[in-house]
Amino acid sequence: MTSIAARPRAADLLDRLSTVPGREERLTHIEVRAARPARHADWPSWVHPAVREALTARGIERPWTHQVAAAQMAWSGRHVVLSTATASGKSLGYQLPALSAALGGREEPGRRGRGPTTLYLAPTKALAHDQLESLRALGTEARVTTCDGDSSRDERDWARAHAEYVLTNPDMLHRSILPGHQRWAAFLGGLRYVVIDECHHYRGVFGAHVAHVLRRLRRVCAAYGAAPTFILASATTAEPERTAGRLTGLDVEAVTDDGSPRGEVTLGLWEPPLTPYTGENGAPVRRAATSETADLLADLVAEDVHTLAFVRSRRGVEQVALTAADLLDEVDPVLRDRVAAYRGGYLPEERRALEAALRDGRLVGLAATNALELGIDVSGLDAVLIAGFPGTRAALWQQIGRAGRGAQEALGVLIARDDPLDTYLVHHPEALLGQPVEAQVFDPTNPFVLGPHLCAAAQEIPLTEADLPAFGPNAGEVTEALTEAGLLRRRPRGWFWTDRRRAADLTDIRGAGGSAITLIESDTGRVVGTVDGARAHGTAHTGAVYLHRGETWLVSELDLEARVATMHRADLDYSTSAREVTDIVIAEEREHRDWGPCRLSLGSVEVSQQVTSYLKRRQPSGEVIGEVPLDLPARSLTTSAVWWTVPDDVLARSGIAELDLPGAAHAAEHCSIGMLPLIATCDRWDIGGVSTARHADTGELTVFVHDGQPGGAGFSERGFRAARRWLTATRDAIASCACTEGCPSCIQSPKCGNQNNPLDKAGALALLDVLLAEADADPSEPI
């Protein structure tokens, strides 16, 4: 590998990349973050000598300040969330108290040779296994093991009887450990710590499910006399203590002052150019982010710059690696073998071989899926390329943090996709580079999520009145509804589960709790996975190109009666996006704000949606090559929405012609959907919208944005809470786009059921201007 001293400076590299003839206008911003020194603290006196000796042997002479701050709080019994940058050693913050408690507490009365226990939860099995390897490498005598779907019966028996530190995931806790808590009584009765790693991944419906799994865990532990301390680790996000509190149902304190060292980081924001191709209604189309990434990867590899390129799909990873290799072959055939793909699905030995080749310099460039931001085992990288904003600033910096570990310099380049949010960010760097604004959004009060967990809790231990407040303000109402439905029965000692099924099987915690569609490989009959019934119409319809765990599949048939979609693996040169038409009725307005004569509202809505066709887009150009009609039934959805209305007299003063109002509202709706992920941890496919020049329920021009899950996922509520920032960013995204009439980077939507017609870019700007002119500052809205 090239020596650190011989490596070119990151800023010089970026300058050379951006000044290649034809690329002069693509770099929109350069941000340089200065290096910072490490800040150390002394080892706490309570750290077990064996733990300290093991860490010292690994080269850790003194811990960093944030590690000690979090560990001290946890040791004293205070719930804590450690929210610092990638590679800041957050694991030490929970390993110190957990391992010290296990080793130091073995001789306490009643322990029978096993010290206080720790339950570690990771969002993926891979991350839990990586943590297991790290713990075992320390060489302490703490008894650590994983317990997940891949564990044998003997391994699970050993974990229950002997383990002091069990690494698992929320799915295993929900489906196995809590329903079988009697077998885990000794472990749960001695539970001192619950570690929730990478907790920023728990958002949307998944986050709401996990919140209730944790409440069930606390309740079962209490039955065995334990009240564990919760330690959460998170990338930097907005309001970490508030999010951690909502997730656990406890008062949680945050540690955010990062004491780890960091080399200088140079970040470039990059916008691909417009192409000769045209999209829907003749709109201009930008060059694909993957094509641009392949070019940059080839340039960096040719200069011996060790680079990791993050791409959203496995197919995209292979495409970027192959294109970069072809470009390098034109320069020197020897260079072709210095770039490769690295993605999920590889065998462990293949993954280790790639990592070893990157470390010893045989490989210089890797294209990898975003999923590997959690666990890729490489260091000493010089640069990271990111093909499209990864959804949150936490994920962005987590990916950039794979380069320049420790005091090394690092280069990061974010390459924008043809999308309103990406376009906005590369032209408004202050929204990307300041303090985190996106909140980790989920709604534990969603009755579609809450109901199955109340049933599971009742089967674990009968529910009492005293239990209900922990599950939220509407738990009593939902419990009564479950009783009326015959799922629970009330007796003097509380509510009991009455069904013969396992209550934990009522819901998939990674879904919406509704009826799922099973995905089946047509050639073998093998079950590949499931998709929420609410999303199947739009993502698993007949003819859909379906992305599952980064692999591309073609759906042969969607059978709604059998709740099955058959599909087969296919390498295609096009993608698909469903078009749907939507109607909406207001069921209840829960809150509102008056913006002068305009009104901003939050409430419940009844949504009727019907997928009518799908578009085929050539990849990677994005060119529309066809539209195929579909015959699918309409479906209804009760969910949450945020909406705003503008009265006629305000519209009259806006200068928008009456005939242009539908197009203005439609364009504002599309862009606001695309921009909501700026402040809420969602994807534009998690939400939907409706706009009309005069809605039957309001009598005025109204624009709705609604959650796409039954009962809501919290996204629209976040939009309501931060509406001024959200809609201002929407207005600015439209204004800053280089097109004249509207394009996919501002007001066109890939899922519009009306063929992106009518759309009025100038009218949308005027409409948002008159709305925001009336928006008073709200002291409760986050800044």
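The rules behind the values
- Residues numbered from 1 in each chain as written.
- Predicted model: local features only at pLDDT ≥ 70, side-chain atom pairs only at ≥ 80, totals over all residues.
- Heavy atoms only, no water.
- Pairing = 2+ DSSP bridges.
- Helix = DSSP H or I, 4+ residues; strand = E, 2+ residues; numbered from the N terminus.
- Axes fitted to C-alpha atoms, helices over the stretch in contact; angles between N-to-C directions.
- Contact = heavy atoms within 4.5 Å.
- Phe/Tyr/Trp six-rings, centres within 6.5 Å; stacked < 30°, edge-to-face > 60°.
- Buried < 20%, exposed > 50% of the residue type's maximum accessible area, 1.4 Å probe, protein only.
- Lys NZ or Arg CZ within 6 Å of the ring centre and 35° of its normal.
- Patch = residues over 30% accessible without salt bridge, like charges linked within 9 Å, V, L, I, M, F, W, Y side chains within 5 Å.
- Areas by Shrake-Rupley, 256 points an atom, 1.4 Å probe, with all protein chains shown as cover.
- Salt bridge = Lys/Arg side-chain N within 4 Å of Asp/Glu carboxyl O.
- Lys, Arg positive; Asp, Glu negative; His and termini not counted.
- Charge placed at Lys NZ, Arg CZ, Asp CG, Glu CD.
- Core = buried A, V, L, I, M, F, W, Y, C linked by side-chain atoms within 4.5 Å.
- pLDDT = per-residue confidence, 0-100.
- Parallel < 35°, antiparallel > 145°, perpendicular 65-115°, else oblique.
- Expected span 1.5 Å × (residues − 1).
- Polar contact = N/O pair within 3.5 Å; in protein donor to acceptor, adjacent residues only side chain to side chain.
- Disulfide = S-S within 2.5 Å.

(A) Geometry of the sheet that holds strand 9 (residues 265-270). A sheet is described by the order of its strands in space; here 7 strands give the open sequence 1-9-16-15-12-14-13, paired in mixed fashion. If you trace the sheet from one side to the other, it starts and ends with strand 1 (27-33) and strand 13 (339-342), each paired once. Across the sheet, the mean angle separating the axes of adjacent strands is 15° when strand polarity is ignored. One ladder, built from 5 bridges, connects strand 12 (residues 307-311) with strand 14 (residues 365-369); its direction is parallel. Looking across to strand 14, one finds that Phe-310 is bridged to Ala-368. Across the sheet, helix 12 (residues 314-331) touches strand 12, strand 13 and strand 14, and the angle it forms with strand 13 is around 175°. Against the sheet, helix 14 (residues 393-400) contacts strand 1, strand 9, strand 12, strand 15 (383-387) and strand 16 (410-415), and its axis sits at roughly 145° relative to strand 15.

(B) Expanded view of the packing of aromatic side chains. Applying the stated criterion across every chain, the model contains 5 aromatic pairs. Consider the rings of Tyr-94 and Tyr-120, whose centres lie 6.0 Å apart with planes at 50°: the pair is tilted. Pair noted here: Tyr-94 is in helix 4 (residues 90-104) and Tyr-120 is in strand 3 (residues 117-121), with a separation of 26 residues, a long-range link. Taken as a pair, Tyr-94 and Tyr-120 share a single burial class, namely buried. One Lys or Arg, Arg-246, reaches over the ring of Phe-442 and ends 5.9 Å from the middle of that ring. A cation over an aromatic ring shows up here: Arg-491 above the ring of Phe-496, its NZ or CZ 5.1 Å from the ring centre.

(C) Here's a closer look at a negative patch on the surface. Where like charges cluster on the molecular surface, the negative patch consists of Asp-329, Glu-330, Asp-332 and Asp-337. For Glu-330, the location among the structural elements is in helix 12. A relative accessible area of 67% places Glu-330 in the exposed class.

(D) Local environment of the nonpolar core. Judged by nonpolar contacts, the single largest core of 124 residues is most densely connected at Leu-247, Trp-644 and Leu-767. Every residue in contact with Trp-644, bar those within four places of it in the chain, is listed here: Arg-599, Leu-600, Ala-668, Leu-701, Thr-702, Val-703, Leu-727, Leu-767, Leu-768 and Leu-771. Residues Leu-96, Ala-101, Leu-103 and Tyr-165 belong to the second largest nonpolar core, which totals 35 residues.

(E) Looking closely at the confidence of the model for the chain. Across the chain, the average pLDDT comes to 89, with 93% of residues at 70 or higher. Taken as a whole, residues 1-6 scores under 50 in pLDDT and shows 12 contacts with residues more than four places along the chain or in a different chain.

(F) Focus on the packing of helix 15 (residues 420-427) against helix 21 (residues 661-675). Remark: helix 15 packs on helix 21, axes separated minimally by 7 Å, with the N-to-C direction vectors making an angle of 70°. It follows that helix 15 is roughly perpendicular to helix 21 by the angle criterion. Across from Pro-420, Leu-421 and Tyr-424 in helix 15, the residues of helix 21 making contact are Cys-671, Gly-674 and Met-675.

(G) How the structure looks around helix 11 (residues 289-302). Here helix 11 is 14 residues long and its end C-alpha atoms lie 20 Å apart, about the 20 Å a rise of 1.5 Å per residue gives. The buried fraction of helix 11 amounts to 12 of the 14 residues, a majority that puts the element mostly inside the structure. Within the span of helix 11, buried status applies to Ala-289, Thr-290, Ser-291, Glu-292, Thr-293, Ala-294, Asp-295, Leu-296, Leu-297, Ala-298, Leu-300 and Val-301. Directly after helix 11, the chain includes Asp-304, whose backbone phi takes a positive value near 65°.

(H) Quick peek at the sheet that holds strand 2 (residues 80-83). Strand order in this open sheet of 7 strands is 4-5-3-6-7-2-8, and the pairing throughout is parallel. Looking at the sheet topology across the chains shown, the edges are occupied by strand 4 (144-146) and strand 8 (253-255). For this sheet, the mean inter-axis angle between neighbouring strands, taken without regard to orientation, is 20°. One ladder, built from 4 bridges, connects strand 3 with strand 5 (residues 165-168); its direction is parallel. In the sheet register, Leu-121 faces strand 5, and the bridge partner there is Thr-168.

(I) Summary view of the pairing of strand 20 (residues 527-532). Pairing of strand 19 (residues 516-521) with strand 20 involves 5 bridges; the strand directions are antiparallel. Looking at strand 20, one finds that Ala-516 is bridged to Asp-532. From the end of strand 19 to the start of strand 20, which pair antiparallel, there are 5 residues, and Gly-525 there has a positive phi angle of about 80°.

(J) Quick look at the side chain of Asn-474. Of note, Asn-474 is situated in the loop between helix 17 (447-460) and helix 18 (475-484). Judged by relative accessible area, which is 15%, Asn-474 ranks as buried. One polar contact links the side chain of Asn-474 to the main-chain carbonyl oxygen of Thr-445, over a distance of 2.7 Å. Once you skip the residues sitting within four places of it in the chain, Asn-474 turns out to touch Thr-445 and Leu-450.

(K) Examining unusual backbone geometry more closely. Along the chain, Asn-757 connects to Pro-758 via a cis peptide bond; the corresponding omega equals 0°. Summarising the element assignment, Pro-758 is placed in the loop between helix 23 (723-736) and helix 24 (761-773). Not every positive phi belongs to a glycine, and Asp-304 is a case in point at roughly 65°. Note on placement: Asp-304 falls in the loop between helix 11 and strand 12.

(L) Focus on the state of the cysteines. Applying the stated criterion across every chain, the model contains 0 disulfides. Cysteine Cys-199 remains unbridged, with the sulfur of Cys-682 as its closest cysteine sulfur at 18 Å. You can call Cys-199 buried: its relative accessible area is 4%. Of the cysteine sulfurs around Cys-682, a residue in no disulfide, the closest is that of Cys-671, at 14 Å. Residue Cys-682 is classed as buried on the basis of its relative accessible area of 9%.

(M) The arrangement of the environment of Asp-732 in detail. Residue placement: Asp-732 occurs in helix 23. Here the alpha-carbon distance between Asp-732 and Tyr-424, two residues 308 residues apart in the chain, equals 7.5 Å. In contact with Asp-732, not counting residues within four places along its chain, are Tyr-424 and His-428.

(N) Inspection of the pairing of strand 10 (residues 274-278) at higher detail. Inspection of the sheet shows strand 10 paired to strand 11 (residues 284-286) by 2 bridges, in the antiparallel sense. Pairing of Leu-274 across the sheet is with Arg-286, part of strand 11.

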